[in-house]
Amino acid sequence: MNYENILSEHKDGICYLTINRSKQLNALNGATILELSNAIKSAEKDKLVRCIILTGAETKAFVAGADIKEFASFTISEGEKLARKGQELLFDLLENISTPSIAAINGFALGGGLELAMSCHIRIASDNAKMGLPEVSLGVIPGYGGTQRLANLVGKGKAMEMITTAGMLTASEAQKWGLVNHVCSQTELIPLAEKIAEKIKRNSPMAIGKAIKTVNAGFIDGVDGFEVEKKEFGNCFGTPEFIEGTTAFMEKRKANF
Ligand code: CAA
């Protein structure tokens, strides 16, 4: 499929999605959100894709936020619709798909950019990356899930500080706070993401999909994550991938998923 605001490439079981609006520091306008949504849906459908790597074009930004120029004149209802539609189309979708995703944060990840990275299952950053939710400096609050996902990832106290100060964390601070798992140089960033993807590719896509669903279940109000775990654990039994995984173990060979 041809996209105007993103690049999409599938290679060796990995779908590389690059937000490609570098003149606007890869800011997320409506068209980009829709293209990312479509690309993610088609990656999830493609059984050859075992992992998604999401990054920003060029070296300055992952994504510098939602496109401020696009929403600056919105009304109250248009503002709510922007948040609602964006969350449904992209941020919730990405968090809940069965294909694991890695955000390779290669520069500024601000506002909607950090919110996009936080919707990915794994985050790594290059040492020049800067991360924050600066929305209150614009007279608005994070609207693409940032108030919830940041508190889940770093804890309520640290999230409150980041959001109310509108400050930015360096990559190493973000790692100390648990916001990113690994930090490396810019040139090592995609190779590191690929190394993680290679490990993911050895494992059962069926089981990975159920594991993502179950971990996420624990963060849904009113859902008992332990109950979901018991059900999904059981649902793995008898599937071809369970049979292959356990048979391979007993035959002392690597499983072929
Ligand atoms: N939206 C639209 N355009 C943006 C943008 C954004 N979020 N961030 C940067 N740009 C544009 C700039 O307007 C500029 O375009 P022009 O050349 O046409 O003027 C271009 O990208 C380069 O940016 P700067 O000249 O500002 O670059 P800089 O190096 O001086 O500063 C920066 C870099 C600190 C990241 C700065 O661009 C910045 O503060 N950006 C905005 C960050 C922000 O507030 N993000 C939150 C957005 S709101 C949000 O995301 C809401 C939500 O949760 C849904």
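Here the structure is shown first, and the text comes after it.
Residues numbered from 1 in each chain as written. Predicted model: local features only at pLDDT ≥ 70, side-chain atom pairs only at ≥ 80, totals over all residues. Heavy atoms only, no water.

(A) Representation of the site of the ligand. Not every one of the 23 residues close to the ligand is listed here, only the nearest: Lys60, Ala66, Gly112, Glu115 and Glu135. One of the side-chain nitrogen or oxygen atoms of Glu115 is found 2.7 Å away from an oxygen atom of the ligand. In the environment of the ligand, an oxygen atom lies 3.1 Å from a nitrogen or oxygen atom belonging to the backbone of Gly143. In isolation the ligand has 990 Å² of accessible area, and contact with the protein removes 67% of it. Only helix H2 (68–71), strand E6 (108–110) and helix H4 (112–119) provide two or more residues apiece to the shell around the ligand. Residue composition of the shell around the ligand, grouped by class: 12 nonpolar, 5 polar and 6 charged. (Near = heavy atom within 4 Å. Polar contact = N/O pair within 3.5 Å; in protein donor to acceptor, adjacent residues only side chain to side chain. Areas by Shrake-Rupley, 256 points an atom, 1.4 Å probe, with all protein chains shown as cover. Helix = DSSP H or I, 4+ residues; strand = E, 2+ residues; numbered from the N terminus. Nonpolar A, V, L, I, M, F, W, Y, C, P; charged D, E, K, R; others polar.)

(B) Seen up close, the sheet that holds strand E5 (residues 101–105). Taken in spatial order, the 6 strands make up an open sheet running E1-E2-E3-E5-E7-E10, and their pairing is mixed. Across the chains shown, the open sheet's two edge strands, defined by having one partner strand only, are strand E1 (6–11) and strand E10 (182–184). With strand direction ignored, the average angle separating the axes of adjacent strands in the sheet is 20°. Strand direction decides the pairing type here: strand E7 (residues 122–126) and E10, joined by 3 bridges, are parallel. (Pairing = 2+ DSSP bridges. Axes fitted to C-alpha atoms, helices over the stretch in contact; angles between N-to-C directions.)

(C) Looking closely at a positive patch on the surface. A grouping of Lys195, Lys199, Arg202 and Lys254 is seen on the molecular surface, where their side chains present a positively charged patch. For Lys195, the position within the fold is in helix H8 (residues 186–201). We classify Lys195 as exposed; its relative accessible area is 56%. (Patch = residues over 30% accessible without salt bridge, like charges linked within 9 Å, V, L, I, M, F, W, Y side chains within 5 Å. Salt bridge = Lys/Arg side-chain N within 4 Å of Asp/Glu carboxyl O. Lys, Arg positive; Asp, Glu negative; His and termini not counted. Charge placed at Lys NZ, Arg CZ, Asp CG, Glu CD. Buried < 20%, exposed > 50% of the residue type's maximum accessible area, 1.4 Å probe, protein only.)

(D) Focus on the packing of aromatic side chains. Counting across every chain of the model gives 3 aromatic pairs. Ring geometry for Phe233 versus Phe237: centroids 5.1 Å apart, planes at 65°, classification edge-to-face. We classify Phe237 as partly exposed; its relative accessible area is 44%. With centroids separated by 4.4 Å and ring planes inclined at 35°, the aromatic side chains of Phe237 and Phe242 adopt a geometry described as tilted. A network of ring pairs unites the aromatic residues Phe233, Phe237 and Phe242 as a single cluster. Looking at Lys158, its charged tip hangs above the ring of Trp177, at a distance of 5.7 Å from the centre. (Phe/Tyr/Trp six-rings, centres within 6.5 Å; stacked < 30°, edge-to-face > 60°. Lys NZ or Arg CZ within 6 Å of the ring centre and 35° of its normal.)

(E) Expanded view of the sheet that holds strand E4 (residues 61–63). Overall, mixed pairing links the 4 strands, which are arranged E4-E6-E8-E9 in an open sheet. Each edge of the open sheet is held by one strand with a lone partner, namely E4 and strand E9 (168–170). In this sheet, neighbouring strand axes are inclined to one another by 20° on average, regardless of whether the strands run parallel or antiparallel. With 3 bridges connecting them, strand E8 (residues 130–132) and E9 associate as antiparallel partners. Residue pairing for E9: Lys130 is matched across the bridge by Thr170.

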